[in-house]
Amino acid sequence: MKPLTEAEIRAAFVNCSKGEAKRLSVPRDLADRPWDDLDYLGWRDPQAPDRAYLAVELDGRLKALALRTSAAGPGQSRRSMCRLCLTTHSGGVSLMVAPKAGRAGQQGNSVGAYICSDLACSLYVRGKRDAGVGARLHETITLEERIERTVAHLAAFVATVTG
């Protein structure tokens, strides 16, 4: 992924108003991100633990989504699988809900997916971050194919939000 600027990220939001995009928390460490290892930029809002965001370039256009998640309750520590990267975690996967773009979102419609709570799917797929024993199933496909699959899952999620 190419490095992004704060202005590019704020302009790319498709499921919130321009005012909301202007006020949301963008990471301050953009220059320090491992851009070569990222398929998308994902982050949690440090001031609002129930808010998360992601930005991805699809078909030459940058699109960003505002997401909501619930805090993990006492019974939510079972092993779950991320819908994007297929990494399993004990308590490290959250239901991320995105308001739909446009009129559907204004009417309260939303789309959800179980995604790695830290939004580090790209790093898990590449083996740069470890989710623990048994987190990655043995696969016979190549790293490039795993990356393509993750991007395809993300593209499908974004398409559902924007469609």
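Residues numbered from 1 in each chain as written. Predicted model: local features only at pLDDT ≥ 70, side-chain atom pairs only at ≥ 80, totals over all residues. Heavy atoms only, no water.

The next subject is the environment of Phe 13. The residue Phe 13 is located in the loop between α1 (6-11) and α2 (18-23) in this model. The class for Phe 13 is buried, based on a relative accessible area of 9%. The spacing of Phe 13 and Leu 154 is 141 residues in sequence and 15 Å in space, taken between C-alpha atoms. Sequence-distant contacts of Phe 13, that is, excluding residues within four places in its chain, are made with Ala 21, Leu 24, Trp 43, Tyr 53, Ala 64, Leu 65 and Ala 66. (Helix = DSSP H or I, 4+ residues; strand = E, 2+ residues; numbered from the N terminus. Buried < 20%, exposed > 50% of the residue type's maximum accessible area, 1.4 Å probe, protein only. Contact = heavy atoms within 4.5 Å.)

Before going further, it helps to spend a moment on the confidence of the model for the protein. In regions of low pLDDT, the predicted coordinates are not meant to be interpreted in detail. Here the protein averages 91 in pLDDT, and 95% of its residues register 70 or above. Per-element confidence in the protein is highest for α1, whose mean pLDDT is 97, and lowest for strand β5 (residues 88-90), whose mean pLDDT is 85. (pLDDT = per-residue confidence, 0-100.)

Here the focus is the pattern of salt bridges. Per the stated rule, a full pass over the model turns up 8 salt bridges. Between Asp 37 and Lys 128 there is a salt bridge whose closest N-O contact spans 3.6 Å. Of this pair, Asp 37 sits in the loop between α2 and β1 (41-45) while Lys 128 sits in the loop between α4 (121-125) and α5 (143-162), and the two are 91 residues apart along the sequence. Take Lys 128: its relative accessible area is 54%, and that puts it in the exposed class. (Salt bridge = Lys/Arg side-chain N within 4 Å of Asp/Glu carboxyl O.)

Once that is clear, we can look at the sheet that holds β1. With antiparallel pairing, the 5 strands of this open sheet are ordered in space as β1-β2-β3-β6-β7. In this open sheet, the two strands that pair with only one neighbour each are β1 and β7 (110-116). On average, each strand axis in the sheet is tilted by 30° relative to the strand beside it, whichever way the strands run. In the sheet, β1 pairs with strand β2 (residues 48-58) via 5 bridges, with the strands oriented antiparallel. The partner of Gly 42 across the bridge, within β2, is Leu 54. (Pairing = 2+ DSSP bridges. Axes fitted to C-alpha atoms, helices over the stretch in contact; angles between N-to-C directions.)

This paragraph deals with the packing of aromatic side chains. The geometry of an aromatic ring pair comes down to the distance between the two centres and the angle between the two planes. Tallied over the entire structure, the rule returns 2 aromatic pairs. Ring centres 5.9 Å apart and planes at 90° place the aromatic pair Phe 13 and Tyr 53 in the edge-to-face group. Here the residue Phe 13 occupies a position in the loop between α1 and α2, and Tyr 53 occupies one in strand β2, the gap between them amounting to 40 residues. A relative accessible area of 4% means that Tyr 53 is categorised as buried. What links up through ring pairs into an aromatic cluster is the set Phe 13, Trp 43 and Tyr 53. (Phe/Tyr/Trp six-rings, centres within 6.5 Å; stacked < 30°, edge-to-face > 60°.)

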